[in-house]
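# An overview of the molecular structure
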Amino acid sequence: MGKRGLLNYETDNNGNLINNLQNLEILRQMLLDRKIIDGDYLGPGDPGDFDKGAWHVLCHLAGGCAVFKIPGALLWVEISHVPVADIYTATVTVSSTNESVCTFPLLSDEGNLLLKNAVLLGFVEGSSLGHISARDVIDNEIRFNLWKRQDFDMDIHSDRDGGRVWEHWCTVRDLTQSAALGISVLKSYLSIVSLCGGKYVSIVARGRRDYAHPNQLLALVEYGFISKIDALINITPKPIPQKAQDLIYTANPVNCIKAAATLPWKENEISYFMFERRIASWSTTSAVEKDFQNQ
């Protein structure tokens, strides 16, 4: 075990964040600390959006997904909605060669067994078009500073803002200690980061050069959520084909893992797949290096 950054995040022997209550509270406080990120560096938003809410980058981070491989099957890891309680939890969905699909909580016995010897193949960008995962939710105007998740539940062929990224733009507008829903998203995300490592954070964050993501990425390194090595991972995103895109836009893990099975993963390197509409926004390794130099 070790400590990293100005906030002393706890890490394991591999440098990955430990999934514990102390790190969760450090993360929550960091995202609300306006001495760390403030003003325009928070990203775009309406008045009040950042009074109790996280930096802009978090909605993209929470929308991302990871893909693993085990003998005879792929695993899809995401933050899923739990309708009965209207909270979120990290899940792993498995699809075998006989096309049977099952979803388990990431931290369940089944999830641990599936991921014990799994090989990480890479990550998929969070959708900012299409359906949300909380398909039947009806938010009022008070909960998320006038934002409502159902307003971002779009048809997969719509060009209007929607999908998981906009869903989690809403959910993380309140990260106060009493906000069970927002905390559930943060807790789910930390459990996935502890599994995938800091490269998962930096790769998804680097999907945009706008919205102050570069500034927020530097802060994530300085304060210890990820390492500088994580931030500078040398990778080039690959476009998601239309057929896979349509499946991912359903925000249904059964369809998402079918989409993942069509993507050209490589077992000996981490891949990142982005939607073609925003792949030009990618922040290259050289751009991030310059960000550090100009810090």
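What comes next concerns the included structure. (Residues numbered from 1 in each chain as written. Predicted model: local features only at pLDDT ≥ 70, side-chain atom pairs only at ≥ 80, totals over all residues. Heavy atoms only, no water.)

## Some remarks on the overall build of the protein
Note the following rule: Helix and strand definitions follow DSSP, with helices as H or I runs of at least four residues and strands as E runs of at least two, each counted in order from the N terminus. Radius of gyration here is computed from C-alpha atoms only, and the compact-globule reference equals 2.2 Å multiplied by the residue count raised to the power 0.38. A simple rule labels every residue: compare its accessible area, found with a 1.4 Å probe on the protein chains alone, to the largest value its type can have, and call it buried under 20%, exposed over 50%, or partly exposed in between. Note on contacts: a residue pair is in contact if any heavy atoms of the two residues lie within 4.5 Å.
What the protein contains, in helices and strands, is 11 helices and nine strands. Compactness check: the protein gives a C-alpha radius of gyration of 18 Å against a globular reference of 19 Å for 295 residues, within 12% of the reference. Taking all 295 residues of the protein together, the buried fraction comes to 58%. Considering only intrachain contacts with a sequence separation of at least 6, the fraction spanning at least 24 residues in the protein is 66%.

## Some thoughts on the packing of helix α1 (residues 21–32) against helix α5 (residues 180–196)
How two helices sit against one another is set out by the angle between their axes and by the gap between those axes. Selection criterion: Only the stretch in contact is used when fitting a helix axis, every axis being a line fitted to C-alpha atoms; angles between N-to-C directions are given from 0 to 180 degrees. For classification, angles of less than 35 degrees are called roughly parallel, those exceeding 145 degrees roughly antiparallel, those between 65 and 115 degrees roughly perpendicular, and all remaining angles oblique. Crossings are assigned a handedness: left-handed for a near helix turned anticlockwise from the far helix by less than a right angle, right-handed for a clockwise turn. Here the term charged refers only to Asp, Glu, Lys and Arg, the term nonpolar to Ala, Val, Leu, Ile, Met, Phe, Trp, Tyr, Cys and Pro, and the term polar to all other amino acids, Gly among them.
Contact geometry for α1 and α5: axes closest at 10 Å, N-to-C directions at 120 degrees. The orientation of α1 relative to α5 falls into the category oblique. Crossing angle aside, the handedness with which α1 passes α5 is right-handed. The residues of α5 that touch α1, namely those facing Asn23, Leu24, Leu27, Arg28 and Leu31, are Ile183, Leu186, Lys187 and Leu190. Counted by class, the contact of α1 with α5 contains six nonpolar, one polar and two charged residues.

## Brief notes about the packing of aromatic side chains
The condition that has to hold: Any two of the Phe, Tyr and Trp rings considered here, Trp counted by its six-membered ring, make a pair once their centres fall within 6.5 Å; the pair's planes then place it as stacked at under 30 degrees, edge-to-face at over 60, or tilted in between. Counting as a charge over the ring demands two things of the Lys NZ or Arg CZ atom: a distance within 6 Å of the ring centre and an angle within 35 degrees of the ring normal.
This model, assessed by the stated rule, comprises 12 aromatic pairs. Each ring, one from Trp265 and one from Phe273, has its centre 4.8 Å from the other, and the planes form 75 degrees; the classification is edge-to-face. Overall, the relative accessible area of 16% leaves Trp265 in the buried class. Classification of Phe273 as buried rests on a relative accessible area of 1%. Counting every residue linked through ring pairs, the aromatic cluster contains Tyr9, Phe123, Tyr189, Tyr200 and Phe225. Positioned above the aromatic ring of Phe292, the side-chain terminus of Lys228 is 4.8 Å from the ring centre.

## Topic: the nonpolar core
Definition in use: Put simply, buried Ala, Val, Leu, Ile, Met, Phe, Trp, Tyr and Cys residues joined by side-chain atoms within 4.5 Å make one nonpolar core.
In this structure, Met30, Trp55 and Phe225 are the most contacted members of the largest nonpolar core, which totals 76 residues. A per-element tally of this core places α5 first, with nine residues. Those residues in contact with Phe225 that lie beyond four places of it in its chain are Arg4, Tyr9, Leu17, Leu27, Met30, Tyr189, Leu190, Val193, Val201 and Leu220. Among the nonpolar cores identified, the runner-up in size contains 20 residues, and Val124, Ala244, Tyr249 and Ala260 belong to it.

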